[in-house]
Amino acid sequence: MEKISRSEVLHVARLARLEFTPQEVEEFTHQLNRIIEYMDQLKELDTEGVEPTFHALAQTNVMRDDQAKPSLSQEEALANAPDRDERGFFRVPRIIQG
Amino acid sequence: MGEEEKLNMEGKASPVVTQTPQGRDPLKGGLKVDYEAVIGLEVHVQLKTNSKIFCPCSTEFGAPPNTHTCPVCQGMPGVLPVLNRKVVEYAIKAALALNCRINPISVFARKNYFYPDLPKGYQISQYELPLAEHGYLEIETSQGKRRIGITRIHMEEDAGKNVHGELGDPHSYVDLNRTGVPLIEIVSEPDIRTPEEARLYLQKLRTIMRYLGISDADMEKGEMRCDANISIRPKGEKRLGVKTELKNMNSFRHVQRALEYEIKRQHRILEEGGEIIQETLLWNPQLGVTETMRSKEEAHDYRYFPDPDLVPLKVSEAWLNEVRSTLPELPDEKKVRFMKSYSLSAYDAEVLISSREMADFYEEAVKAHPSNPKAIANWVMVELMGRLHAENKNIQNSPVSPQQVAQLVALIDRGTISGKMAKEVFAKTYQTGKDPQRIVEEEGLVQLSDESELEVIVERVLDEHPDEVKKYLAGKTKIVGFFVGQIMKATKGKANPQVVNKLLIRKLQERG
Ligand SMILES: [Zn+2]
């Protein structure tokens, strides 16, 4: 019994705004299931009393002081924009109906 | 009723109603029973830092669009967010003021969704391990004190702002200046039972944020935003009904009205035997109704996971104590102190502590004239606040200084001017900014209290009205008022009423 179904792969793809060919869906379903199986293998380890790891680095508290510094200019900020208007807004397809 | 008792009553489980004589589940509706609302609030508060939470862009409001962005807050590949220490400090302040337990380790997580105002495709927030949990806030309702639980407080970044074009414009417009402005989210337990309590909770939150100096928390300016989860259930039922989520309430009034409307709507549906649908609703303030937000498919599947770009945050006991030592006196403590030190009623104290500036103003006035804090409270609350209110000003813009209020009360207390004269003097101080003492001198407003001087006038008035004197002596004692009026007329209102009364009675009896 596979742990990840085809429809779950399609669901996640939709959330991530990705489009796959039917072959790709098959392939990813297969690959994701192999990954989950590997996780099952890890589950066999006894982790009683071991703190969960939230980060790969042992470091904590990397912080900066609250000091404002110059930002990009409006022109630079919009340089990659697919579309913009003369006021300096990014222009996107309408979000809400109206 | 004492607070303890009240809490016990709240906590005591009434017998759970699962079946009614008709054999229906009351949560399913179709019954004529008393319902109560169960409300939880999610409040976002914008923190007043200089720079954004993960990059050094300015948080200044009102700049031209897209002039406060950088590769970090624009979500460019390969950049690294670095946490602003002040944001953590401010969040800890809020957590302490709301009686929360601060987690020694907390973790930032990515909340994944797509929206044009979110350039990275995820919002950095906290999920499994928030900064703080298990707090509470107390509110003073018309039914007495209520304690509202705080589930959690976490830090996160704000999204950008979308502007929608005119009707027919097929575009929306995005400004990323707000992207990355620091927020804390304060999530309450579903302990709120009425729209009034919801409003009081929010107002108390705003007061606390302002006392702490971490946010102006102005709802109209979006510095404080509120979403509500609301369901209703028959009174006594312990299980929860199906809830709806309310959004788009941009003022305290909107929150109260939206909740009132939604309670009625759910009530009607249940009474008619219908079913509440779990959904997100938008408050429409123009029409005064809640409307279904077109459901974004799978909108709530955020696939949170720890953000690998940000290392865990450790709040040591030492850091906690350092922040704790900077906390100001909070509204609840201040209220108790005002009641004790200045013998004020709970109501007066509540009004005076409603803002830190008002409380400071009051205390400064009391310092200048310590013998009559009650009178100073009245002058501040009635005359001063009345005028400021009418002109839409707050205490920071008061043209009258605390010392001037103190001086005015001192003039009354010394018998220099009467309370009635004081109102005129106050009006002039308010208009001109001149000291009450000076106005009194310039206008010769000094009250006539000298007995020998007043005696002469009293005698003269009595001589002029022999008929009225006879009436008094015949038992019509109410006629004293007539003589007082005549004496006031003769002294242009400057006579000290107490002295006049005393003299009149004596002189009238002498003529008996
Ligand atoms: Zn930035």
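The following refers to the structure shown. (Residues numbered from 1 in each chain as written. Chains lettered and ligands numbered in written order. Predicted model: local features only at pLDDT ≥ 70, side-chain atom pairs only at ≥ 80, totals over all residues. Heavy atoms only, no water.)

### Observations regarding the overall build of chain A
To be explicit about the condition: Going along the chain from the N terminus, every DSSP run of H or I of four or more residues is numbered as a helix, and every run of E of two or more is numbered as a strand. Note that the radius of gyration is over C-alpha atoms, with the globule rule given as 2.2 Å times the number of residues to the power 0.38. Three labels apply to residues, based on accessible area from a 1.4 Å probe with only protein chains included: buried if under 20% of the type maximum, exposed if over 50%, partly exposed otherwise in between. Contacts: residue pairs with any heavy atoms within 4.5 Å of one another. Methods summary: accessible areas were calculated by the Shrake-Rupley approach with a probe of 1.4 Å, and residue burial reflects only the protein chains presented. Asp and Glu count as negative and Lys and Arg as positive, but His and the ends of the chain are not part of the count. Taken as the charge location is NZ of Lys, CZ of Arg, CG of Asp or CD of Glu.
The number of helices and strands found in chain A is three helices and two strands. Relative to a compact globule of 98 residues, whose C-alpha radius of gyration would be 13 Å, chain A shows 23 Å and is clearly more extended. The C-alpha extent of chain A, read off along each of the three principal axes, is 60 × 45 × 25 Å. Evaluated residue by residue, chain A yields a buried proportion of 21% over its 98 residues. In chain A, the proportion of contacts linking residues at least 24 apart, taken out of those at least 6 apart, comes to 29%. Carbon and sulfur atoms provide 55% of the accessible area of chain A, an area that totals close to 7,700 Å². Here chain A holds 12 positive side-chain charges and 19 negative ones, and the gap between their average locations is 9 Å.

### Focus: the coordination of the zinc ion
All names here are of chain B. To keep it simple, the criterion reads: Any N, O or S atom lying within 2.8 Å of the metal counts as a donor, with the limit raised to 3.2 Å for Na, K and Ca; because water is left out of the atom set, some sites can appear incomplete. Metal sites are grouped by the angles between bound donors: all angles between 85 and 135 degrees with four donors is tetrahedral, opposite donors over 155 degrees apart with the others between 65 and 115 is square planar for four donors and octahedral for six, and any other pattern is irregular.
Distances from the zinc ion to its protein donors, Cys 55 (SG), Cys 57 (SG), Cys 70 (SG) and Cys 73 (SG), fall within 2.3 to 2.4 Å. Viewed at the metal, the four donor atoms of the zinc ion are separated by angles of 100 to 117°, and the geometry they form is tetrahedral. Donor residues for the zinc ion, ordered by position in the chain, follow C-x1-C-x12-C-x2-C. Highlighted residues: Cys 57 in the loop between strand 1 (35–46) and strand 2 (83–84) and Cys 70 in the loop between strand 1 and strand 2, separated in sequence by 13 residues. With a relative accessible area of 11%, Cys 70 lands in the buried category.

### Focus: the packing of aromatic side chains
Residues and elements named next belong to chain B. Which entries qualify depends on this criterion: Within 6.5 Å between ring centres, the rings of Phe, Tyr and Trp (the latter by its six-membered ring) count as paired, and their orientation is classed by plane angle as stacked under 30 degrees, edge-to-face over 60, tilted in between. Remark: a charge is flagged as sitting over a ring if the NZ atom of Lys or the CZ atom of Arg is within 6 Å of the ring centre and within 35 degrees of the ring normal.
Following the criterion strictly, the structure yields 13 aromatic pairs over all chains and no others. In textbook terms, an aromatic cluster arises when at least three aromatic residues are bridged by ring pairs, as seen for Tyr 113, Tyr 127, Tyr 302 and Tyr 304. Residue placement shows Arg 387 over the ring face of Tyr 430; its charged tip is 5.7 Å from the ring centre.

### Considerations on the interface of chain B and chain A
Which entries qualify depends on this criterion: Note on definitions: buried area is the accessible-area loss of two parts on being combined, 1.4 Å probe, summed for both. What counts as a salt bridge is simple: a side-chain nitrogen of Lys or Arg found within 4 Å of a carboxyl oxygen of Asp or Glu. Pairs of N or O atoms within 3.5 Å make up the polar contacts considered here, provided that, within protein, one atom can donate a hydrogen while the other can accept it, and that residues adjacent in sequence are counted only when both atoms are side-chain atoms.
Contacts between chain B and chain A engage 61 residues on the former and 40 residues on the latter. Both sides of the chain B and chain A interface together cover about 4,200 Å² of buried area, and 59% of this is carbon and sulfur. Inspection of the region where chain B meets chain A yields one salt bridge. Summed over the shared surface of chain B and chain A, the number is 24 residue pairs in polar contact (both at pLDDT 80 or more). Listing elements by their share of the side of chain B that touches chain A, those giving two or more residues are strand 2, helix 2 (85–97), strand 9 (161–164), strand 10 (171–175) and strand 17 (313–314) of chain B.

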